[in-house]
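Observations on chain architecture
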Amino acid sequence: MTTTSVGALLLCRADPETVRPVAHLLQERMLLVPAGDGWSVLVPEGKPWRKHAREGSGGTPADGNAGTAADGNAGSAADGGAEPVDRVVGGWATALAVGSTWPVLALWWDGDRSGYTLASGFRRPVGYIWLADGTPAAEEEAMRTSAVRLGLDPVLDVQELEALTRADPSADADARLRGLLAVLTRAGVELPPGLTPGEPADRLRSVAKVLPRAELIEWAGWRDAVRVELDAVESGSLGPWVLGPRARAAAAVQVAAGLPLTLWGARRRSGGWIAAGLVLLVQGVLGLAYDHVRSATGGSPRNGG
C-alpha cells in the first residue's frame, strides 16, 4: 500500500445469486464475484470517496463521529465534499446487512490507515483500524465481537484475531488485513487472485472485470429492482411454489377449497369460517393471476415445465 492507495472490498457471507438483488438497491455500479464457498465479494466500480487519506482521524470505522470538523472541511474543499473511504463502505455494508440475513465485511484502506467494518442485521456495526505501519488503533473487544458475528471458532480463530490487535513491528496495515483474510479462509473465504487489500481501486476494478464469473451490478430504477427481486425468489428454493405448474396447482387447490368453505360459513353465519375461506380464495386467485402475469412477461424459466 502506498500513500495514494485508496480502495475497498465488500465481503458478503452469501452466494452471488443471493447478494445480487440486495446489491442493486445500493444504486452503485459494482462488480460481483464469487469469493469462496458461500461467500461473494463486491468490487466498487467508481470511487465515491475522498481521493486522499485523511489525517489526524480517530474512532473506528463504525463510529459516525470519527474524524474532526477541520478534517471534514479540508476534505470538502479538496475533494468536493466526499467522505473518507471507511465511512462510504461502512454505509454500504450497513445497508446491505439491514436488507438481508447475512453479515457484510467491508475491508478498506486509504494510505494512512487500513481496517474493516462488519455489519450484521440491525446491530450496531463493529470495526477495527490499523495505522499504515500496522499499529492497532481500536478496541480489542471489537475483534472478539466480530468473530462471534461471523460464526468463527471461539478458540482457535479468536486467538489468531487477537494477535492482530497486538503490536508487531514486522506487520504493516496490509499484512494485518491479509492476516484477517487468512483466518476467514477457514470459514470458506477465497478471494480471486489479484483482489488484494492495499491495491488501488482502479487495479481492483481491472482485475475483477476479467474474472470469468464476474457480473456488473448497476441501478436501473425501481421497476427493474423489483423484477430482480422476483427473479431471485423464483429461482430459489421457493420458486416452484411461486411460479410454474406446482404454483398453479397449489393456487387452484386454494380456490377449490376456499370457495365452498366461504359458502358453508355464510350458510352457518360463521364469521371465522367465512374469513378462512376468503383468505384461501384470495390467495389462490392472486397466485393464479401472478403466475399468469409473470409467465406472460417472461418470469424465471427455471420453474417452468
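Here we summarise the structure given alongside this text. (Residues numbered from 1 in each chain as written. Predicted model: local features only at pLDDT ≥ 70, side-chain atom pairs only at ≥ 80, totals over all residues. Heavy atoms only, no water.)

1. Considerations on the overall build of the protein
Tallying secondary structure elements over the protein gives 10 helices and 7 strands in all. Going through the 305 residues of the protein one by one, you find that 44% of them count as buried. In the protein, the share of contacts with a sequence separation of at least 24, taken over all contacts with a separation of at least 6, comes to 65%. Taken as a whole, the protein presents about 14900 Å² of accessible surface, with 57% of it coming from carbon and sulfur. (Helix = DSSP H or I, 4+ residues; strand = E, 2+ residues; numbered from the N terminus. Buried < 20%, exposed > 50% of the residue type's maximum accessible area, 1.4 Å probe, protein only. Contact = heavy atoms within 4.5 Å. Areas by Shrake-Rupley, 256 points an atom, 1.4 Å probe, with all protein chains shown as cover.)

2. Brief notes about the packing of helix 5 (residues 156–163) against helix 6 (residues 173–184)
Helix 6 packs onto helix 5 with a crossing angle of 180° between their chain directions and a minimal axis gap of 10 Å. When the axes of helix 5 and helix 6 are compared, the pair comes out roughly antiparallel. Of the residues in helix 6, those touching helix 5 at Asp157, Glu160, Leu161 and Ala163 are Arg176, Leu180 and Val183. Partitioned by chemical class, the residues of the contact of helix 5 with helix 6 number 4 nonpolar, no polar and 3 charged. (Axes fitted to C-alpha atoms, helices over the stretch in contact; angles between N-to-C directions. Parallel < 35°, antiparallel > 145°, perpendicular 65-115°, else oblique. Nonpolar A, V, L, I, M, F, W, Y, C, P; charged D, E, K, R; others polar.)

3. Overview of the sheet that holds strand 3 (residues 40–44)
Here we have 7 strands laid out as an open sheet, ordered 6-5-4-1-3-2-7, and antiparallel in their pairing. Strands at the two margins of the open sheet, each flanked by one partner only, are strand 6 (126–131) and strand 7 (215–217). For this sheet, the mean angle separating the axes of adjacent strands, direction not counted, is 20°. By the bridge criterion, 6 bridges tie strand 4 (residues 104–109) to strand 5 (residues 113–119) in an arrangement that is antiparallel. Paired with alanine 106 across the bridge in strand 5 is threonine 117. Sheet contacts for helix 1 (residues 16–24): strand 1 (7–12), strand 2 (30–34), strand 3 and strand 7; angle to strand 7, the most-contacted strand, approximately 30°. (Pairing = 2+ DSSP bridges.)

4. A closer look at the packing of helix 4 (residues 140–150) against helix 5
The geometry of helix 4 relative to helix 5 is characterised by a closest axis approach of 10 Å and an angle of 150° between their N-to-C directions. One element, helix 4, and the other, helix 5, form an angle in the roughly antiparallel class. Considering how the two elements wind past one another, helix 4 and helix 5 form a crossing that is right-handed. Packed against helix 4, whose contacting residues are Glu140, Met143, Arg144 and Ala147, the element helix 5 presents Val158, Leu161 and Glu162 at the interface. (Left-handed = near helix turned anticlockwise from the far one by under 90°.)

5. So, the environment of glycine 244
Assignment of secondary structure puts glycine 244 in the loop between helix 8 (222–234) and helix 9 (245–267). Taking the C-alpha atoms as reference points, glycine 244 and arginine 294, separated by 50 residues in sequence, lie 9.6 Å from one another.

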